[in-house]
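If you want the building blocks of each chain, they are given just below.
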Amino acid sequence: MTENIRVIDYVLLYECEAADCDPYAKQRMDYLKEVQGTGLHLEFNITKEEWNQEAETKQKVAGDKYRIIKIYAPFELLSQTAERLKLKMPLTEGVDVKLPSRLERFMTRFATEVEVNFISAHYEHNKRHLFRGIENQATFFRPAIRSLLVHYILTNIPIEVGHDDAEAATRKVLGKVPALPYLLMKKAFKSAFILHDLKICSDSNRLTLQDCDLTCVASEDETQLTDPPDAWTELNNLWANTYLKFQPLWKIRNYFGEKIALYFAVMETLLISLIIPVLLGVGVFTYGLYCSISCYNASNNLDDFLRGYNYDELCQSSTKIGEVVNQAVNRIRGACNNIAGRKIIIAKAVNITCASKTWKDANFQISSDDLFTVIQSSFDNVATPWFGLVICLWGTIFVEMWKRVNAKLVYEWDVENFENDEPARPEFYGTSVKKLYVLLIKMLKMFQHATDPVTGEIEPYYPGTVRRTKMLLSFLVGALMVCWVFASLVGVVIYKTWARLRISTSNPWESFLLTTVGSSLLNVVSIIILAKVYHRIAIKMTDWENHRTQTNYNDALILKLFAFHFANSYSSLFYIAFLRKNNQKFFQLLGLTDFEDNCGALNNCMSELGIQVVILMIFKLFPKLLTDVFIPWFRKTKNRICSRIKIRLSSKAPMQSTVDDCIKKESKKPDLGDFTLAEYTEKIIQYGYQMLFSISFPLAPLLFFITILCDIRVDAKRLLWMYKRPIAFMAQDIGQWLTILDLINGVAVVTNACVIAFNTDFARERPFYEQLIILIVIEHIVFVVKFLLATIIPDIPQHILLAMRKEKHQVATKMRGYPKVLQHFR
């Protein structure tokens, strides 16, 4: 059977070594006294006398070096804090919903949860009996809300930081700052985190707590069916171990918060919207493969056709050679593309054969006797331009779909008007300029204008001109790193050209591996290394800019990372698509007069572009696969084997695990960090491959679909098993990532139009002015259609607008009817 333990809302932990504990013992004790003053209940793993003695003497007293503070939040405090934050909570009345359509009824077969939406209102402590679930105060606030409320209380306790505590002379942290982040930064607390749901597993023989997974995984005969599953178990069963079904977004939101839940909602919307591009891409690739096989067969027959001519009669007359070449080209005209290029190659092969007098075994067509060449040639066909246009329109449809899903979710999750009162970052520091300014204001008797209008206290001040100057320098550093990207690209191009000219092999597959694949892999390695280096530089530069709030900090960091990743990830693709055909002058400037990079015998850059796209998409996933799958699996397997060996070698009975043991092991797990920042960055880059260049590789949507489908489950296991439980932050949208999606969609129109006009067989043999006209026409038509789609599809579904109006009326009626005589108890 299973037994629930008392909910631990927060855990603070630090280590006390044999000598002194740390120089911040007094500040830590003062902070904990302030925490108790808020109404939170603290439980220590050592006695109060030992704790006070260590705080006074700064010497270790108890035997165990770990100091654990378990924090419990009473309902009254949570209730008052929820009212202060103006959180919306569900009332007892449900919301009328429209009747589901046939499609919606079909989609419910893949659902993992059924949730009923209730009308919501801003929570008021003295009217709490009006809200749903108030009869059970222990479960009234869902886990995500509890963690957010406790985190808000703990991080909004200020601490006074003076000159003695300044981090450095050039980086002073003065005035009042949030105490908990500051003490974590100073290592006064080693860790501050929220536990996953805990359950004690017991049988007739012993009482144990699974110390590695933080949950009870009992056998079927030990688990009672009447015991309701906890939130962790439900997520593990319905999310991490369930495939080909919708995600339990409500349960993810209730456990991890809206910010993380919205990320998985974006991924689910992206998966659903990708179905059409996947099917269309498979169809285009299949058609292209059929065309490529037909061209392969025609090319083989072409060699037999030319060998049938008499060598002496044909080679003695240039007119006869031209006639025969035209006849040969006509035989493949309906089966192959790029006829003009193939005609040049055939004529050149005939003339060379006539000069060398090796007519009997001559090959007059491009070598295509291997399977890979046939597949590579299938990327460019008649349907390719239409596929590119559909991808451009699909990007707009996906964004509009997400806007509607986002509007629905934030309404149902009651965060459509959420505003977060964000404190200053603990790393933010003021300068002495403010002191002189405040002193001058005092002298002019205008001191009230120098204080914060809300708190009435002096806030740390940092001149905006200084920050803007630092941001300009950060931009110059980013530009320098982009130059390194271009330099690495030049190096890869030089290697490929050198390999093509210097490496001779009779096997076309070996030649392809040493040139195309080898250079692509070098480019991937360069991208990964430069991305890791710049990521650290971007963090350092953003720290140096000294942003006041975490939101401003994240915005600045996202801008740096995306600008660099755009150049780093797509520069090689832009080079192949638009610069590779005529680059002999570039090599002449470098002193490499005999170098010329091209796209093969037919100078068909579409096939080369497709190979580069697929290699980038696959191999860029390897670092994430290594860090998120293989290394955790190896560690888990190693720990499991070591545990079994210790149990077998030990003659003693297994000791009973305690909650403190579980907390210690949980504290050793890595912090999740900014999960959404890393995941959004990775997915946005992959999304860019689809939008900008999937026209050259029709199977790119299928590869992207499989990647997201697997990555969702990997991320679910990471969140539930491998990392500390993150703070459940609220959010009402995905922020400026939506702006970045719109930007990529706009650039994709120009990119695909240029590829269609200058690289595809549709326009390759046309004069330049006709190609330019095709570019302008396609670009304008697609932009107009995208604008019409964005205008026609409303951002908020009509039934959501109607439900919002009904809810507003019902809430006003219900909340207004409560007796005003109780207002003074508030």
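Residues numbered from 1 in each chain as written. Predicted model: local features only at pLDDT ≥ 70, side-chain atom pairs only at ≥ 80, totals over all residues. Heavy atoms only, no water.

Engineer: Any chance you could explain the environment of Ser 572 here in plain terms?
Structural biologist: Examined against the element boundaries, Ser 572 turns out to sit in helix α20 (residues 550–579). Separated by 40 residues in sequence, Ser 572 and Gln 612 have C-alpha atoms that sit 8.2 Å apart. Polar side-chain contacts of Ser 572 include one of 3.2 Å to the side chain of Gln 612. (Helix = DSSP H or I, 4+ residues; strand = E, 2+ residues; numbered from the N terminus. Polar contact = N/O pair within 3.5 Å; in protein donor to acceptor, adjacent residues only side chain to side chain.)

Engineer: Would you mind going over the packing of aromatic side chains with me for this structure?
Structural biologist: Each aromatic ring pair is described using two quantities: the centre-to-centre distance and the angle formed by the ring planes. Within the structure shown, the criterion is met by 28 aromatic pairs. Arranged with centres 4.9 Å apart and planes meeting at 85°, the rings of Tyr 255 and Phe 256 form a pair that is edge-to-face. According to the relative accessible area criterion, Phe 256 is buried, its value standing at 0%. Taking 6.1 Å as the distance between ring centres and 25° as the angle between the ring planes, the aromatic pair formed by Phe 758 and Phe 768 counts as stacked. (Phe/Tyr/Trp six-rings, centres within 6.5 Å; stacked < 30°, edge-to-face > 60°. Buried < 20%, exposed > 50% of the residue type's maximum accessible area, 1.4 Å probe, protein only.)

Engineer: Sorry, what's going on with the sheet that holds strand β9 (residues 191–193) here?
Structural biologist: Within a sheet, adjacent strands bond to each other through the backbone by hydrogen bonds, running parallel or antiparallel. One open sheet accounts for 4 strands, arranged β3-β4-β2-β9; its pairing is antiparallel. Both edges of this open sheet fall to β3 (41–44) and β9, since each of them pairs with a single strand only. The average angle at which neighbouring strand axes cross in this sheet is 15°, direction not considered. With 3 bridges joining them, strand β2 (residues 10–15) and β9 adopt antiparallel strand pairing. Within the sheet, the bridge partner assigned to Leu 13 lies in β9 and is Ser 191. Against the sheet, helix α1 (residues 25–38) touches β2, β3 and β4 (66–72), its axis set at about 135° to β3. Running over the sheet, helix α24 (residues 659–667) touches β2, β4 and β9 and is turned about 105° from β4. (Pairing = 2+ DSSP bridges. Axes fitted to C-alpha atoms, helices over the stretch in contact; angles between N-to-C directions. Contact = heavy atoms within 4.5 Å.)

Engineer: What exactly am I supposed to notice about empty space enclosed by the protein here?
Structural biologist: Empty space among the atoms becomes apparent when a probe as large as a water molecule is rolled across them. The tally for this structure, following the rule as stated, stands at 4 cavities of 30 Å³ or more. Here the second largest cavity is characterised by a volume of approximately 80 Å³. Lining the second largest cavity we find Val 266, Met 267, Leu 270, Phe 398, Tyr 680, Lys 683, Ile 684, Tyr 687, Phe 704, Ile 734 and Leu 741. Where the lining of the second largest cavity is concerned, the elements lending two or more residues are α10 (258–273) and α25 (675–693). In terms of residue count, α25 provides more of the lining of the second largest cavity than any other element does, 4 residues in total. Per-class residue counts for the lining of the second largest cavity are 10 nonpolar, no polar and 1 charged. (1 Å grid on protein atoms, 1.4 Å probe; cavity = no way out; pocket = protein on both sides within 12 Å on 5 of 7 lines; lining within 4 Å. Points joined across faces, edges and corners; volume = space filled by probe spheres on them. Nonpolar A, V, L, I, M, F, W, Y, C, P; charged D, E, K, R; others polar.)

Engineer: Even after reading the chapter, I still don't get the side chain of Thr 681, so can you show me in this structure?
Structural biologist: Tracing the backbone through its elements, the reader meets Thr 681 in helix α25. Not counting the four nearest positions on each side in its chain, Thr 681 is found in contact with His 565 and Trp 737.

Engineer: Sorry if this is basic, but what is going on with the packing of helix α22 (residues 605–619) against α25 here?
Structural biologist: Each pair of packed helices gets described by two things: the angle between the helix axes and the distance between those axes. At a minimum axis separation of 11 Å, α22 and α25 run at an interaxial angle of 165°. The angle between α22 and α25 falls in the class roughly antiparallel. Of the two possible hands of crossing, α22 and α25 adopt the one that is left-handed. Listed contacts from α25 to Leu 609, Val 613, Leu 616 and Met 617 of α22 are Gln 686, Tyr 689, Gln 690 and Phe 693. Residue composition of the contact of α22 with α25, by class: 6 nonpolar, 2 polar and no charged. (Parallel < 35°, antiparallel > 145°, perpendicular 65-115°, else oblique. Left-handed = near helix turned anticlockwise from the far one by under 90°.)

Engineer: Looking at this structure, how should I read the nonpolar core?
Structural biologist: Nonpolar side chains tend toward joint burial in soluble globular proteins. With 160 residues, the main nonpolar core has Tyr 10, Leu 12, Tyr 31, Phe 141, Trp 239, Phe 264 and Tyr 687 as its most contacted residues. Per-element tally for this core: the top contributor is α20, with 12 residues. Counting residues domain by domain, this core receives three or more from each of domain 1 (10–87 + 123–200) and domain 2 (283–380). The contacts of Trp 239, once residues within four sequence positions are left out, are Glu 234, Gln 247, Pro 248, Ile 252, Phe 256, Phe 264, Ile 712, Arg 713, Ala 716, Leu 719 and Leu 720. If you look at the next biggest cluster of nonpolar residues, it comprises 17 residues, including Val 329, Ile 339, Val 350 and Cys 354. (Core = buried A, V, L, I, M, F, W, Y, C linked by side-chain atoms within 4.5 Å. Domains from an automatic or database assignment.)

Engineer: Hey, could you run me through unusual backbone geometry in this one?
Structural biologist: In this structure, Lys 86 is a non-glycine residue whose phi angle is positive, near 60°. In this structure, Lys 86 sits in the loop between α3 (75–84) and β5 (88–94). With relative accessibility at 60%, the residue Lys 86 sits in the exposed group. We note that Lys 187 has phi near 65°; this positive angle belongs to a residue other than glycine. Residue position: Lys 187 is located in the loop between α7 (179–185) and β9. Among the residues examined, Lys 187 registers a relative accessible area of 65% and is labelled exposed.

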